[in-house]
Amino acid sequence: MNGLTRRALLAKGSLVVAFASSGPTQAQESEESTSLPGDLDKYPFLDSWIRVDAADRITVFTGKVELGQGLRTALIQIAADELCVSPASIELITADTGRTPDEGVTAGSHSMQNSGMAILNAAANLRVLLTETAAWRLVTSVDQIELQDGSAYGPNGQHVGYGDLVAGFSLHVMAKPDVPRRSKGRRLIGESVPRVDIPAKVSGHAAYVQDIRAPGLLHARVVRGPSFGTQLKQADIDAVTHMPGIEQVVRNGRFIAILAAKEWDAVKASRRLQAAGWERRAAPLPSTDLCDTIRRSPARDIPIFDYPGPPAPADARIVKARYSRPCLMHGSIGPSCAVALWENGNMIVWTHSQGVSPLRKALAELLRLPLEKVRCIHVEGSGCYGHNGADDVAADAALAARAVPGRPVRLQWMREQEHGWEPLGSAMVVELQGALGRNGRIVGWRHDVWSNPHNGRPISAGGLLAGAELDPPFAPQRPRPIPMPEGGGDRNGNPIYAMPNARGVYHFVEQAPVRVSALRSLGAHMNVFAIESFMDEMAQAAGVDPVDFRLIHLQDSRGRAVVETAANRFGWKRRVNGRSGRGCGFGFARYKNLGAYCAIAMEIAVDPDTGGVEVRRAVAAVDSGEAVSPDGIRNQIEGAIVQSLSWTLLESVRFDTGGRTSFDWSAYPILRFPTAPTSIDVHLIDRPGEPFLGVGEAGQGPAAAALANAIADAIGHRLRDMPLTPERIRAALRS
Amino acid sequence: MISLTVNGTEHSVDADPDTPLLYVLRGDLGLDGAKFGCGLGQCGACTVLVDDRPAFSCLTPIAALDGRKIRTIEGLGTPDRPGALPAAFEAEQAAQCGYCIAGMIMRAQALLERNVRPTEAELRRHLAPNLCRCGTHMRILRAVRRAAAAMGGEVQESAR
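Source: prediction; values computed, not measured.

Asker: Explanation requested: the interface of chain B and chain A in the structure shown.
Answerer: The parts lose accessible area when they come together, and the size of an interface is often stated as this lost area. Every contact between the two is made by 55 residues of chain B and, on the other side, 68 residues of chain A. Taken together, both faces of the contact between chain B and chain A bury some 5,000 Å²; the carbon and sulfur share is 54%. At the boundary of chain B and chain A, one finds 10 salt bridges. In this structure, the connection of chain B to chain A is made through 40 residue pairs in polar contact (both at pLDDT 80 or more).

Given below as structure tokens:
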């Protein structure tokens, strides 16, 4: 039973609705306390992760999703490597609440740690079972068995296929801990295997949820006010019901969706309804400067860290600085989209949500259905970079589909809806105070960070936009802080550097004046920007080279190797002199102080007339444990640097007291090709045998800090408020 | 009925004349390559070629396209036999989410057909209308340089 895959839907052009009755055993918690690697600990049965059919075909299951980060390829590589087969012989099924383990949300750079390590160890367990069974079948010893391309070979060339072998034992067995990995033969791990998703993406073939089509499919658009806190005034539904091509207008409380056979007809009708005008129902924003608002708001104080040590001596030199970041957008290039089908009392939603399981739960509540009647299947969408409109549009599509049983409904937001409604990355303020001893060492440190929540992902109907629009509405979901060591607004607020007498406090401002949630790297972008800017300010006060100053305070040996590699490869000691319109900067962090290490050195030039920044080169060093796909890691780090340059140089969501006013790319400019760096080089420090560490969010903080430090080096003035725009650079040059 | 010539094939399309080309390509002709990004001509995800020049298909009504030559990424080859640009993008692994890539390739195609020896600055200016949010810019530039070489040309170094 294949259930309903996008491939089947696209290939056959027909919809087959069936729930996996023989799906992997789910939600079985390990009863033993022995810890298994990654999410294997939550789903210890091998058949939750890997199956082999009679024709030797191997299917691997993951609860994580492809977001363009290359996860699909990396997981296939891991399984193929351990099972001694080619990547092409493995089919990978990604998050589908009907088929795969529930691995929560694909976020926080956890996929390689949690799913990668689980699949690696499940595959190692299977390899041992295959080897033992083959030895018995071929009447030889296990050390005489070689696995290759789906068959086990004995010493005299006699062989038996994996499918044949698996028929002789059960895969519904608990994984054993401490099963050794394969120790001989050619390795796929560590090779840059070409990404399996790229051929379709570079040839225009169906690759996204936006591309799903099926017989009888209806296109839908949702109609609402322009941004969070607003709603439509009385809409003239009758006028659009009779527009050409309109099949139905779905209304439920304030939720309105328009369905049409032709997409353009739905777009035209939605524009007509939208023309009715809107009003703001929420209170006006207290200020259009959200950093100021957050800094002054009542907050819950949460300790981040407390490193013991004697108080700073009276002659210590005190350095203070305040840094800020405005609200940022995820800014997916493709507006969010979902396809939903309501049939025989079951709701299936094809979604690019990062968390199909929590979404399923929220949808079941929204639709007042038992959980087992809702299935969410992940299909790639446009890159999301965190909690964008994906979950909300899935709810919109499901509500629309419920009005037309048996007909799939594809609902995509318009550009102004994605810009207007997506949850933003919170504005943030960091205040730092450091004490410098006479020996040039840090003898005191205080980190205060103010932020709205970074965790508004839906776990209930109230976490979905439509939840507030239905009659009766669902109560809004209450955001909670994410505890350390992962952290939310305080993520990476704990410096990696060894320093005594240091503490940090997260001032968690629960009441957000605008809609906020998880944006890639959460608070790490801001905290690393602030800490690494401040390390340069401290180094300057101490009269020490910034890289040397970091190394003086860095004891973590892997961290030191990353810093030294980036500095050496960049040629830090031979860098151009600052204050000449050119400058160099350095930034370093270990993501969450649990994940990948990343150091970045950057050389820039500032145009004194325009204030424009040209990034001449960026050199990064990365340690993400054992490197599975070196090119995949480079792709992620290059992307992190460019994306962070865009955030840090250019981006700021605009507001008036009525709400957001950035509704398109002209009001929310992001980096374009002429501003891209001249070159980026990424150097990997491979750590064979060490656990895999995700790299999707490792580079954003260090890149932001390296840029700020390079600008300070180039112009002799420090900019502490993002974005570091040409206007601010010109103002600094005039001062 | 409106007649459209797409990738060398003539199609009769039953759609309102005000329909943007993008919706006809995707909805009526089953061509998925061009993507809806903004509907405003600000991001380039929908880029196709009209008479060999890049055009925002999200803004171009089909009424304006009678007798004109439309090309989409589907006309540049197949996964098995890709054209120079798709092959170069694959060789450079120049995609993350990939949503912008079809538009990038079509805009680059227009440049390289006109001038297979652009300077780096010309290349970057030419691609400026197209947005990539994943930050794949360095790889996209490498892919276009590789394609230029495969087409017998070269992207020339230049001061930025």
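Asker: How do you make sense of the domain arrangement of chain A when you look at a structure like this?
Answerer: Residues and elements named next belong to chain A. By the assigned domains, chain A splits into domain 1 (6–201), domain 2 (209–281 + 331–421) and domain 3 (428–454 + 489–734). With 21 residues of domain 1 at the contact, the number on the domain 3 side is 20 residues. In total, domain 1 and domain 3 occlude about 1,400 Å² of area from one another, counting both sides; carbon and sulfur atoms represent 53% of this. Between the two partners, domain 1 and domain 3, sit one salt bridge. Between Glu626 and Arg181 there is a salt bridge, with the nearest N and O atoms lying 2.8 Å from each other. Of all the secondary structure elements, the ones that give two or more residues to the side of domain 1 that touches domain 3 are helix H2 (71–83) and helix H3 (111–137). The element contributing the most residues to the side of domain 1 that touches domain 3 is H3, with five residues.

Asker: Sorry if this is basic, but what is going on with unusual backbone geometry here?
Answerer: Leaving glycine out, the prevailing phi sign among residues is negative, and the prevailing peptide bond configuration is trans. Cis geometry marks the peptide bond from Met484 of chain A to Pro485 of chain A, where omega comes out at 15 degrees. In this chain, Met722 of chain A is followed by Pro723 of chain A through a cis amide linkage whose omega measures -5 degrees. With respect to the helices, strands and loops of the structure, Pro723 of chain A is situated in the loop between helix H16 (700–715) and helix H17 (726–734). Despite not being glycine, Leu522 of chain A has its phi angle at roughly 45 degrees, a positive value. Along the chain, Leu522 of chain A falls in the loop between strand S20 (502–508) and helix H12 (524–542). Of note, the phi angle at Asp51 of chain B is positive, near 50 degrees, even though the residue is not glycine. Position of Asp51 of chain B relative to the elements: it lies in the loop between strand S3 (47–50) and strand S4 (53–56).

Asker: Looking at this structure, how should I read the packing of helix H4 (residues 120–127) of chain B against helix H5 (residues 137–150) of chain B?
Answerer: All names here are of chain B. Two elements in contact, H4 and H5, have axes separated by 11 Å at closest approach and are oriented at 120 degrees. Considered as vectors, H4 and H5 are oriented oblique to each other. Crossing geometry of H4 relative to H5 is assigned as right-handed. Contacts from Glu120, Leu123, Arg124 and Leu127 of H4 reach H5 at Met138, Ile140, Leu141, Val144 and Arg145. A per-class count over the contact of H4 with H5 returns six nonpolar, no polar and three charged.

So, how was this worked out
Residues numbered from 1 in each chain as written. Chains lettered and ligands numbered in written order. Predicted model: local features only at pLDDT ≥ 70, side-chain atom pairs only at ≥ 80, totals over all residues. Heavy atoms only, no water. Contact = heavy atoms within 4.5 Å. Buried area = accessible area lost by both parts, 1.4 Å probe. Salt bridge = Lys/Arg side-chain N within 4 Å of Asp/Glu carboxyl O. Polar contact = N/O pair within 3.5 Å; in protein donor to acceptor, adjacent residues only side chain to side chain. Domains from an automatic or database assignment. Helix = DSSP H or I, 4+ residues; strand = E, 2+ residues; numbered from the N terminus. Axes fitted to C-alpha atoms, helices over the stretch in contact; angles between N-to-C directions. Parallel < 35°, antiparallel > 145°, perpendicular 65-115°, else oblique. Left-handed = near helix turned anticlockwise from the far one by under 90°. Nonpolar A, V, L, I, M, F, W, Y, C, P; charged D, E, K, R; others polar.

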